[in-house]
Amino acid sequence: MTTRILLADDHALVRRGVRLILDSEPDLHVVAEAGDGAEALRLAATEQPDLVILDIAMPRMTGLQAARELARQQPDLRILILTMYDNEQYFFEALKAGANGYVLKSVADRDLVEACRAAMRDEPFLYPGAVNALIRNYLERSAQGDEPPARAITEREEEILKLVAEGHSSKEIARLLFISVKTVERHRANLLQKLGLRDRLELTRYAIRAGLIEP
């Protein structure tokens with residue numbers, strides 16, 4: 001059987017390269033491409049792929065946000081994160097979001113095909129160079145009672161933060177998220193209070209550090 005794949009990355013050149021890798025395999029086929037997480041959600045609903053491959057840093061909605069929503073909407077859908085971030089925090093966030101695997105773009109030509117096949121077998125896939133370090137670090141923190149930190153903000157607040165940092169007005173955010181302007185303003189005020197920040201500029205800096213947008 002051929003695995004139907006939805007590919008989401010905001011860089012067309014990256015999508016083209018990844019598509020060449022996948023479509024050269026007889027059992028893998030890219031059926032749709034998305035430029036951001038929101039478009040990935042829409043295409044996943046219409047195209048009904050078997051597997052979604054998501055970049056982390058994308059406009060409007062990150063890959064981690066999209067993964068959480070896809071896992072809720074389509075529990076049987078397989079999800080892979082394909083990213084440049086060799087980062088423990090993102091790795092754990094990806095697993096919590098429902099991803100089946102985490103692949104680095106720098107070794108996509110080597111690992112991505114096997115990651116896709118592992119996901120379809122319902123097996124986890126982690127980039128080999130990081131497995132031992134990640135497991136060792138996690139076990140050490142668990143032994144000390146220091147689990148990965150809880151999320152500082154809610155998923156809705158994260159959505160608002162990303163859109164604010166991208167320069168959208170409260171009215172535009174309300175339209176994109178189908179909520180009222182008043183609700184947007186309340187979430188913004190909560191964000192500033194929770195994170196100890198003062199204005200949009202500091203929110204944007206925080207969003208860059210958190211990987212929600214690219215500098």
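Residues numbered from 1 in each chain as written. Predicted model: local features only at pLDDT ≥ 70, side-chain atom pairs only at ≥ 80, totals over all residues. Heavy atoms only, no water.

Looking at an unreviewed UniProt entry, the chain carries the name DNA-binding response regulator, with the source organism given as Micromonospora globbae.

Provide a residue-level description of the sheet that holds strand E4 (residues 78-83), including the pertinent values.
Read from one edge of the open sheet, six strands run E2-E1-E3-E4-E5-E6, paired in parallel fashion. Two strands lie at the open edges of the sheet, namely strand E2 (28-34) and strand E6 (125-126), each paired on one side alone. As paired elements, strand E5 (residues 101-104) and E6 share two bridges and run parallel to each other. By the bridge assignment, Tyr102 is partnered in E6 with Leu126. Docked against the sheet, helix H2 (residues 37-47) engages strand E1 (3-8), E2 and strand E3 (51-54), running at close to 130° with respect to E2. (Pairing = 2+ DSSP bridges. Helix = DSSP H or I, 4+ residues; strand = E, 2+ residues; numbered from the N terminus. Contact = heavy atoms within 4.5 Å. Axes fitted to C-alpha atoms, helices over the stretch in contact; angles between N-to-C directions.)

I'd like a rundown of the packing of helix H3 (residues 63-73) against helix H4 (residues 88-97), residues and numbers included.
At a minimum axis separation of 8 Å, H3 and H4 run at an interaxial angle of 20°. The angle between the axes of H3 and H4 places the two elements in the roughly parallel class. Considering only the axes of H3 and H4, their crossing is right-handed. Contacts between H3 and H4 involve Leu64, Ala67, Arg68 and Ala71 from the former and Tyr90, Glu93, Ala94 and Ala97 from the latter. Split into classes, the residues belonging to the contact of H3 with H4 amount to six nonpolar, no polar and two charged. (Parallel < 35°, antiparallel > 145°, perpendicular 65-115°, else oblique. Left-handed = near helix turned anticlockwise from the far one by under 90°. Nonpolar A, V, L, I, M, F, W, Y, C, P; charged D, E, K, R; others polar.)

Got a sec to walk through unusual backbone geometry? Specific residues and values, please.
Within the chain, Gln48 stands out as a residue other than glycine whose phi angle is a positive 50°. Relative accessible area serves as the criterion here: at 47%, Gln48 is assigned to the partly exposed category. If you check the backbone angles, Phe178 has positive phi at about 60° while not being a glycine. Turning to its location among the elements, Phe178 is positioned in the loop between helix H8 (170-177) and helix H9 (181-195). Residue class for Phe178 comes out exposed when judged on its relative accessible area of 77%. (Buried < 20%, exposed > 50% of the residue type's maximum accessible area, 1.4 Å probe, protein only.)

Any chance you could break down H9 for me, citing the residues and the numbers?
Between the first and last C-alpha of H9 there are 21 Å, a value that for 15 residues agrees with the 21 Å anticipated at 1.5 Å per step. Here H9 has its buried residues at Thr183, Val184, His187, Arg188, Leu191 and Leu195. Buried residues in H9, looked at end-on, bunch into an arc of 140°, giving them a common side. Those residues of H9 that are exposed and aimed more than 90 degrees away from the buried face are Lys182 and Gln193. Considering only its buried residues, H9 is in contact with helix H7 (155-165), H8 and helix H10 (200-209). Following H9 by one or two positions, Gly196 has its phi on the positive side, about 70°. (Expected span 1.5 Å × (residues − 1). Arc of directions from axis to C-beta.)

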